[in-house]
4 protein chains.
Amino acid sequence: MKVWELHPNEGLESLTREERTSPSLGPNDVRVRAASLNYRDLVVARNASKRPAGSAATVPLSDGAGEVTEVGAAVTRWRVGDRVAASFFPTRLAGELSDADHAKALGGQVDGMLAEEVVLPSSAWVRLPEAYSFEQGATLPCAGVTAWHALFEAAQVRPGDTVLVQGTGGVSMFALQLAKAAGARVIATSSSHEKRARLISLGADHVIDYTADATWGKSARAWTNGRGVDLVVDVGGPGTFDQSVEALRYGGTMSLLGILTGTAGPVNTYGVLYKTIRVAGIYVGSVAMFEAFVRALDAKGIEPIVDRVFAFDDVPAAYDHLASGAHFGKVVVRV
Amino acid sequence: MKVWELHPNEGLESLTREERTSPSLGPNDVRVRAASLNYRDLVVARNASKRPAGSAATVPLSDGAGEVTEVGAAVTRWRVGDRVAASFFPTRLAGELSDADHAKALGGQVDGMLAEEVVLPSSAWVRLPEAYSFEQGATLPCAGVTAWHALFEAAQVRPGDTVLVQGTGGVSMFALQLAKAAGARVIATSSSHEKRARLISLGADHVIDYTADATWGKSARAWTNGRGVDLVVDVGGPGTFDQSVEALRYGGTMSLLGILTGTAGPVNTYGVLYKTIRVAGIYVGSVAMFEAFVRALDAKGIEPIVDRVFAFDDVPAAYDHLASGAHFGKVVVRV
Amino acid sequence: MKVWELHPNEGLESLTREERTSPSLGPNDVRVRAASLNYRDLVVARNASKRPAGSAATVPLSDGAGEVTEVGAAVTRWRVGDRVAASFFPTRLAGELSDADHAKALGGQVDGMLAEEVVLPSSAWVRLPEAYSFEQGATLPCAGVTAWHALFEAAQVRPGDTVLVQGTGGVSMFALQLAKAAGARVIATSSSHEKRARLISLGADHVIDYTADATWGKSARAWTNGRGVDLVVDVGGPGTFDQSVEALRYGGTMSLLGILTGTAGPVNTYGVLYKTIRVAGIYVGSVAMFEAFVRALDAKGIEPIVDRVFAFDDVPAAYDHLASGAHFGKVVVRV
Amino acid sequence: MKVWELHPNEGLESLTREERTSPSLGPNDVRVRAASLNYRDLVVARNASKRPAGSAATVPLSDGAGEVTEVGAAVTRWRVGDRVAASFFPTRLAGELSDADHAKALGGQVDGMLAEEVVLPSSAWVRLPEAYSFEQGATLPCAGVTAWHALFEAAQVRPGDTVLVQGTGGVSMFALQLAKAAGARVIATSSSHEKRARLISLGADHVIDYTADATWGKSARAWTNGRGVDLVVDVGGPGTFDQSVEALRYGGTMSLLGILTGTAGPVNTYGVLYKTIRVAGIYVGSVAMFEAFVRALDAKGIEPIVDRVFAFDDVPAAYDHLASGAHFGKVVVRV
């Protein structure tokens, strides 16, 4: 079968297209039809050159969807032809995350979804929303579940709440759509005039140009008549933290899930305690969260924002496109 | 000023229209423009004859809205002309309910809203949604806040959840509207063909005739493909409890808030533990909940279902209409 | 190997001592050293005669402890010699309960622990507290985990809270010990003078004779200076429900987990809503709860109250003893 | 009456001992018998010189206890002779904190407790634990309520949990005592051999010298057999944040409440999301939390750690002693 592999080389040379023998049947065999890229996949690829020389190649990407082609003898949950996506952490069914879950995260230390066939335990798969194409389904596991976790597991978004999302990446677009589905008002930030216009067409109630307005958090709070927003979905990390604090109301929640501005840096810890803010660290989620997320997509008919679909042979171009930051929504690969 | 009073007499004789001197100014003086009736007001009126002979007359009704006509010297929260409604429990700002709060519940042991002028502490009033008439505003304090509490304080309704509401009274209609605003699916029950049709036009995803279908709870669960509903807003009490349990999923919540079938009776306690159900007793709510509810009404443009508006002189007819059960939504009195 | 079996016969004839071939190795093989009885096991045995004639015999009892004698090739979690107990629901690791979990509950529709050897999946076992004998370990899975769930998962017992426990069965004794370990005050009820004295020696702060005091709930509330207790661990069901409501404070929790007075009956639903009480149905718990419970037993050195240990051949006498209600704490069988 | 005042001057000159006329009676008049100092009072005093010249003098200190000497006509909650302490935020009864609450924080922008008499609204006072002296009672409002909030409102400490506390200041000592009362294990850090010995005598299960062990967080996690601690009570802020993250388990909570190492600085945000940590900002608490805290102190007979009691005339020495960092527990002033 066809796969892409990540090798301990520099830059795009780390990615090579290879042939592998199909995996022998474990609990489930799924033919992958589409995969999607996340910022995390850029980080993994960039760090590939730091791997020890001679270390085994791995198949990249956590996100993929396809159809069940064969099931193990003891499997009752799936039938051939079922349309499914894999959970980012195949072993995290419910409950707390663990070191063991991290070690099994798809497309990290172990093989991911950029392959024609993938075998994972029966409990790792989640049924796709009914009307979804495989390309749409492939957008859900990382960005979608992260957004669900941020809004409805770490926080409790209710009608009348205000949610702030940052930029136009995959997590932020799912967060925008889910927040609107839950009856909330949404403030979105973008440095691009065109993207801000599109954010409004997608339902954003207010947009802010964060390059023109360095104190965009304060402006967001002002837009709420001074009360502050109930939830910030922070994809920036240290570089956005302080304005996220500015934006929040007393007792509000910051769902902290991104590293776009780095993994560490100076932040205003006093603001967190002064306003009794809850900062909730989020790293994707569990199979149970994924299933609840799919129920919401089905009930509300939410369709993911797909920026562009690349052919399997054009994977390097897909990485480049994501790295450029020009995308709006998800970057997908058809397998 | 004009008021209606409740005396310790039998039946509608307990209600009389009287003149009182206007209250002297406490923290706030509000001119009441409209009031609304709840099932609880029928119960209060029916129990009036049990009061000791010679006991003081009280002004009935918990629900009313109007405009501020005068404010106490120390009040900064309100200005003359502000449009407000009073909280059912004027002393319950946040935190747990108490005996003291119950003793101050409007239209119970103390005077309520069926009067031209009412004076209550500054902190007891809540601003009306911006676009609301006084008639609309008067529907909120009891039924509306109860529905909010049931869906978003005792439970956490999320997009994709399924909520079951019973009948077409005030609480159930607010619950239907709020559940839809939060992205949930709604199952509604009614014995009337016309009302079921109207429930669908209001957004109900599925309706059940509970007179024709004695195991309507089981049917509701079947409609969710056997998973069960996430929340039941139980307005019946003992007579509906068991089917509410049947309807629920494992770990689901029953918001228990009504006494339409009585205050006590036989129920299936084993079902509660077998499915690890959470039964949440609800008695209206706090000022803080009322304020969150108004934010939701404003954000989503939700308008209350007003069944009929009666003139101030027709209060007995308004009580009769509510008692008949023919209403769909709220019964209002214009003051 | 030696087992006891439950057959579709009347009374104690339903229980017979048999020889079976040892189970073939699945993920883990554990040599059972002790088992314990719960009220649920009486119910299962009493209902045995209702099974269809010719239906397969099952091994009774959910609770047992022993040592690992053999592990499957893929198992990394356990080693031979590890001292473990099985979870009541072997398939419920975390998250919500399900029909599938109920179907696999030990000693119900499937074989339980009253056998010399038992094989269950690796994830179903939980390590015993370090200093425990097997007899002590065998008391934990049903009664102990239920008590943990009641106090720390369905509620949040904190220092200074008051907890009410009913009678001297296994759940109530664990609840008493855990509540004291968490810094709470405990009110306990018993109809026996001797048992009340023993309850006090175990740390109960106040005892009530529920046969002499029909309104023991009201008395419990009076003992808290009228505030009401924070949590009732209700093992009675319909027959104790109303006094449990009487005992509780506004916003308090009733952990409803027992059927000693039946599975259905008349209860005061109005009291639940008047005081905004939370009734939490509880049916044992998950593997994750069991592990948290063991951490608490280890940290506080809590030892279970073992009433009496029976030999393997005396199982019928053990059942009789439990049925008599004369026990104080757990009834154990040494295997 | 005698008071100390804070003026817009440099250093200890900002503090002067003055005579004021007794306040006229509002809802309650309380004769203060003792007050206590917190780190926050040092910050307030150090910032006094930044106040505009000519700005009004204020009475410092948030913490004080005394007896009711006179009550307003409408007050039913208190009687003359009742022993009480004032809440840090007199206006925050329950629910979320607000700008308005901050503006009324005692000893900040408004007069505090370092005076012979203080008048505050009836609802701002909390009854002292029964056996407490006024000196003991004066230690509770800021440090004690903060510790309660950190352990039982922002988190849920349960028997068997592990809690990490930092240093030997007032909050950390209350946190140690409360964690032990709740059945938890406690790890404490101190750079002083003598203080570490005393921490163990107070119940700490493990102590770490953070000056000798720069990766004390990692060491703390190792002590839990690699699982990580359930809660860190972080009094340091940016300088301790990263090791607090190291210490925590997946899904653990950091109660972030201190500024001993500053109000902003570089922190590891990636660690927060990698382990799905919850960072809960804490700023003292509400009247309702204070009351729950007192119930715990009463139930467990917990006595505050009083380092030293100064006479009213020796207030500058009390400030100096606190600033030296030599104290263990609370620094008190007898009024």
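Residues numbered from 1 in each chain as written. Chains lettered and ligands numbered in written order. Predicted model: local features only at pLDDT ≥ 70, side-chain atom pairs only at ≥ 80, totals over all residues. Heavy atoms only, no water.

Peer 1: I'd like to hear about the overall build of chain A, residue by residue, with values.
Peer 2: Of regular secondary structure, chain A possesses 11 helices and 16 strands. For 335 residues, the compact-globule formula gives about 20 Å, and the C-alpha radius of gyration of chain A, at 20 Å, lands near that figure. Principal axes of the C-alpha set define a box for chain A whose edges measure 60 × 45 × 35 Å. Within the span of chain A, comprising 335 residues, buried residues form 61% of the whole. Contacts in chain A between residues at least 24 apart in sequence constitute 70% of all its contacts with a sequence separation of at least 6. Of the roughly 11,800 Å² of accessible surface on chain A, a fraction of 49% belongs to carbon and sulfur atoms. Looking at chain A, you have 32 positive and 36 negative side-chain charges, and the mean spots of the two groups are 6 Å apart. (Helix = DSSP H or I, 4+ residues; strand = E, 2+ residues; numbered from the N terminus. Rg over C-alpha atoms; globule rule 2.2 N^0.38 Å. Buried < 20%, exposed > 50% of the residue type's maximum accessible area, 1.4 Å probe, protein only. Contact = heavy atoms within 4.5 Å. Areas by Shrake-Rupley, 256 points an atom, 1.4 Å probe, with all protein chains shown as cover. Lys, Arg positive; Asp, Glu negative; His and termini not counted. Charge placed at Lys NZ, Arg CZ, Asp CG, Glu CD.)

Peer 1: Break down the side chain of Glu135(D) for me, citing the residues and quoting the values.
Peer 2: Residues and elements named next belong to chain D. Structurally, the position occupied by Glu135 is in helix 3 (residues 134-137). A residue is classified by how much of its surface remains accessible, and Glu135, at 16% relative accessible area, is buried. Those residues in contact with Glu135, other than ones at most four positions away along the chain, are Ala34, Val309, Val332 and Arg334.

Peer 1: Account for the interface of chain C and chain B, with residues named and values stated.
Peer 2: Counting residues at the interface gives 37 residues for chain C and 36 residues for chain B. Carbon and sulfur atoms supply 59% of the area buried between chain C and chain B, which totals about 2,900 Å² over both sides. Summed over the three residues of chain C that lose the most area to chain B, namely Tyr250(C), Thr269(C) and Leu273(C), the buried surface amounts to 21% of that side. For the interface between chain C and chain B, the tally reads 15 residue pairs in polar contact (both at pLDDT 80 or more). Those elements that provide at least two residues to the side of chain C that touches chain B are helix 2 (99-103), helix 8 (238-247), strand 12 (248-256), strand 13 (265-267), helix 9 (269-274) and strand 14 (278-281) of chain C. For the side of chain C that touches chain B, the element with the highest residue contribution is helix 9 of chain C, accounting for five residues. Split by residue class, the side of chain C that touches chain B holds 20 nonpolar, 13 polar and four charged. Direction of pairing for strand 14 (residues 278-281) of chain B relative to strand 14 of chain C: antiparallel, over a ladder of three bridges. Bridge pairing links Arg278(B) to Ala280(C) in strand 14 of chain C. (Buried area = accessible area lost by both parts, 1.4 Å probe. Polar contact = N/O pair within 3.5 Å; in protein donor to acceptor, adjacent residues only side chain to side chain. Nonpolar A, V, L, I, M, F, W, Y, C, P; charged D, E, K, R; others polar. Pairing = 2+ DSSP bridges.)

Peer 1: So what about the side chain of Thr139(C)? Which residues, and what values?
Peer 2: Residue and element names in this part refer to chain C. Note that Thr139 resides in the loop between helix 3 (134-137) and helix 4 (140-153). A residue is classified by how much of its surface remains accessible, and Thr139, at 0% relative accessible area, is buried. Only 2.6 Å separates the side chain of Thr139 from the backbone oxygen of Gln136, close enough to count as a polar contact. Beyond its immediate sequence surroundings of up to four residues, Thr139 is in contact with Ser36, Asp63, Gly144, Phe174, Pro304, Val306, Lys330 and Val332.

Peer 1: Tell me what's going on with the environment of Val110(C), and back it up with residues and numbers.
Peer 2: Residue and element names in this part refer to chain C. If you trace the backbone, Val110 turns up in the loop between helix 2 and strand 6 (117-119). Along the sequence, Val110 and Met1 sit 109 residues apart, while their C-alpha atoms lie 18 Å from each other. If near-sequence neighbours (up to four positions away) are discounted, Val110 is found in contact with Val59, Ala103, Lys104 and Ala105.

Peer 1: Which residues make up the relation of the copies chain C and chain B, and what values go with them?
Peer 2: Least-squares fitting of chain C to chain B yields an RMSD of 0.0 Å, with the transformation described by 0.0 Å of translation along the axis and a rotation of 180°. On the angle and the small slide along the axis, the relation comes out as a two-fold axis. Distance from the rotation axis, computed per C-alpha, reaches its smallest value in chain C at Pro266(C): 1.8 Å. Counting the interface residues of chain C, we find that 97% of their copies in chain B are interface residues as well, pointing to one common contact surface. (Least-squares fit on C-alpha atoms with pLDDT ≥ 70 in both.)

Peer 1: Before we move on, can you summarise helix 6 (residues 193-201) of chain D with the specific residues and values?
Peer 2: Within an α-helix, residues lying three or four positions from one another point in the same direction, as the helix has 3.6 residues per turn. Residues and elements named next belong to chain D. For helix 6, every residue scored as buried is listed here: Lys195, Arg196 and Leu199. All buried residues of helix 6 fall inside an arc of 100° around its axis, so they share one side. Facing away from the buried surface of helix 6 by more than 90 degrees, the exposed residues are His193, Glu194 and Ser201. In this structure, the buried residues of helix 6 make contact with helix 5 (170-181), strand 9 (185-189) and strand 10 (206-208). Of the residues that open helix 6, the one with a side-chain oxygen 3.3 Å from the backbone nitrogen of Glu194 is Ser192. Immediately beyond the C-terminal end of helix 6, within one or two residues, lies Gly203, with a positive phi of roughly 120°. (Arc of directions from axis to C-beta.)

Peer 1: Just give me the short version of the packing of helix 4 of chain C against helix 10 (residues 287-300) of chain C, but keep the residues and values in it.
Peer 2: All names here are of chain C. The geometry of helix 4 relative to helix 10 is characterised by a closest axis approach of 9 Å and an angle of 90° between their N-to-C directions. It follows that helix 4 is roughly perpendicular to helix 10 by the angle criterion. Side by side, helix 4 and helix 10 meet where Leu140, Pro141, Gly144, Val145, Trp148, His149 and Glu153 of the first sit next to Met289, Phe290, Ala292, Phe293, Ala296 and Leu297 of the second. Across the contact of helix 4 with helix 10, the residue classes break down as 10 nonpolar, two polar and one charged. (Axes fitted to C-alpha atoms, helices over the stretch in contact; angles between N-to-C directions. Parallel < 35°, antiparallel > 145°, perpendicular 65-115°, else oblique.)

Peer 1: Summarise the pattern of salt bridges; cite the residues concerned and give the values.
Peer 2: Summed over the entire model, instances satisfying the criterion amount to 60 salt bridges over all chains. Ionic pairing is found between Asp41(A) and Arg40(A), a salt bridge with its closest N-O pair at 3.7 Å. Residue classification places Asp41(A) among the buried residues on the basis of a relative accessible area of 2%. A salt bridge links Glu153(A) to Arg158(B); the nearest nitrogen and oxygen atoms lie 3.0 Å apart. (Salt bridge = Lys/Arg side-chain N within 4 Å of Asp/Glu carboxyl O.)

Peer 1: So what's going on with the pairing of strand 5 (residues 83-86) of chain B? Residues and values would help.
Peer 2: All names here are of chain B. Bridge count for strand 4 (residues 63-71) against strand 5 is three bridges, and the pairing is antiparallel. Paired with Glu67 across the two strands is Arg83, which belongs to strand 5. Direction of pairing for strand 5 relative to strand 7 (residues 125-127): antiparallel, over a ladder of three bridges. Paired with Val84 across the strands is Arg127, a residue of strand 7.

Peer 1: Give a description of the sheet that holds strand 10 (residues 206-208) of chain C that names residues and reports values.
Peer 2: Strand pairing in a sheet relies on backbone hydrogen bonds, with the paired strands running either antiparallel or parallel. A sheet is described by the order of its strands in space; here 12 strands give the open sequence 10(B)-9(B)-8(B)-11(B)-12(B)-14(B)-14(C)-12(C)-11(C)-8(C)-9(C)-10(C), paired in mixed fashion. What marks the edges here is a single partner per strand, and that holds for strand 10 (206-208) of chain B together with strand 10 of chain C. Across the sheet, the mean angle separating the axes of adjacent strands is 15° when strand polarity is ignored.

Peer 1: How would you summarise the environment of Val332(A) if you had to cite specific residues and measurements?
Peer 2: All names here are of chain A. Looking at where Val332 falls in the secondary structure, it is placed in strand 16 (residues 330-334). When its relative accessible area of 0% is taken as the criterion, Val332 is described as buried. The spatial distance from the C-alpha of Val332 to the C-alpha of Gly64 is 9.2 Å, given a sequence separation of 268 residues. Ignoring anything within four residues of it in the chain, the contact list for Val332 reads Ala34, Ala35, Ser36, Glu135, Thr139, Val306, Arg308, Val309 and Phe310.

Peer 1: Break down the sheet that holds strand 10 of chain D for me, citing the residues and quoting the values.
Peer 2: Sheet architecture is open: 12 strands sit in the order 10(A)-9(A)-8(A)-11(A)-12(A)-14(A)-14(D)-12(D)-11(D)-8(D)-9(D)-10(D), paired in mixed fashion. Looking at which strands have only one partner, the edges of the open sheet turn out to be strand 10 (206-208) of chain A together with strand 10 of chain D. In this sheet, neighbouring strand axes are inclined to one another by 15° on average, regardless of whether the strands run parallel or antiparallel. Sheet topology note: the strand 12 (residues 248-256) of chain D/strand 14 (residues 278-281) of chain D ladder contains four bridges and is parallel. Counted as the bridge partner of Ser255(D) is Ala280(D) from strand 14 of chain D.

Peer 1: Which residues make up helix 5 (residues 170-181) of chain A, and what values go with them?
Peer 2: Residue and element names in this part refer to chain A. A rise of 1.5 Å per residue sets the reference length of helix 5, with its 12 residues, at 16 Å; its end C-alpha atoms lie 17 Å apart and thus fit the reference within 8%. The buried fraction of helix 5 amounts to 11 of the 12 residues, a majority that puts the element mostly inside the structure. Of all the residues in helix 5, the buried ones are Gly170, Val171, Ser172, Met173, Phe174, Ala175, Leu176, Gln177, Leu178, Ala179 and Ala181. Residue Gly183 follows helix 5 closely and has a positive phi angle near 85°. (Expected span 1.5 Å × (residues − 1).)

Peer 1: Residues and numbers for unusual backbone geometry, please.
Peer 2: Phi is positive for Asn225(A), close to 60°, though the residue is something other than glycine. As for its position among the elements, Asn225(A) is in the loop between helix 7 (216-223) and strand 11 (229-234).

Peer 1: Let's hear about the packing of aromatic side chains: which residues, and what values?
Peer 2: Residues and elements named next belong to chain A. According to the stated counting rule, one finds 44 aromatic pairs over all chains in the structure shown. Note on Trp148 and Phe293: the rings are 6.3 Å apart at their centroids and 40° apart in plane angle, and the pair reads as tilted. Of the two residues, Trp148 sits in helix 4 (residues 140-153) while Phe293 sits in helix 10 (residues 287-300), which places them 145 residues apart along the sequence. In this structure, Trp148 and Phe293 share a single accessibility class: buried. Above the face of the Phe134 ring, Arg83 is positioned so that its terminal group lies 4.6 Å from the ring centre. (Phe/Tyr/Trp six-rings, centres within 6.5 Å; stacked < 30°, edge-to-face > 60°. Lys NZ or Arg CZ within 6 Å of the ring centre and 35° of its normal.)

Peer 1: Explain the environment of Phe152(C) to me, using residue names and the numbers behind them.
Peer 2: All names here are of chain C. Mapped onto the fold, Phe152 is located in helix 4. For Phe152, a relative accessible area of 2% translates into the label buried. Taking C-alpha positions, Phe152 is 9.4 Å from Ala179, a pair spaced 27 residues apart along the chain.

Peer 1: With reference to specific residues and values, describe the confidence of the model for chain A.
Peer 2: Considering every residue of chain A, the mean pLDDT works out to 94; 99% of them sit at 70 or more. Scored as a whole, the predicted complex attains pTM 0.96, and scored at its interfaces, ipTM 0.95. (pLDDT = per-residue confidence, 0-100.)

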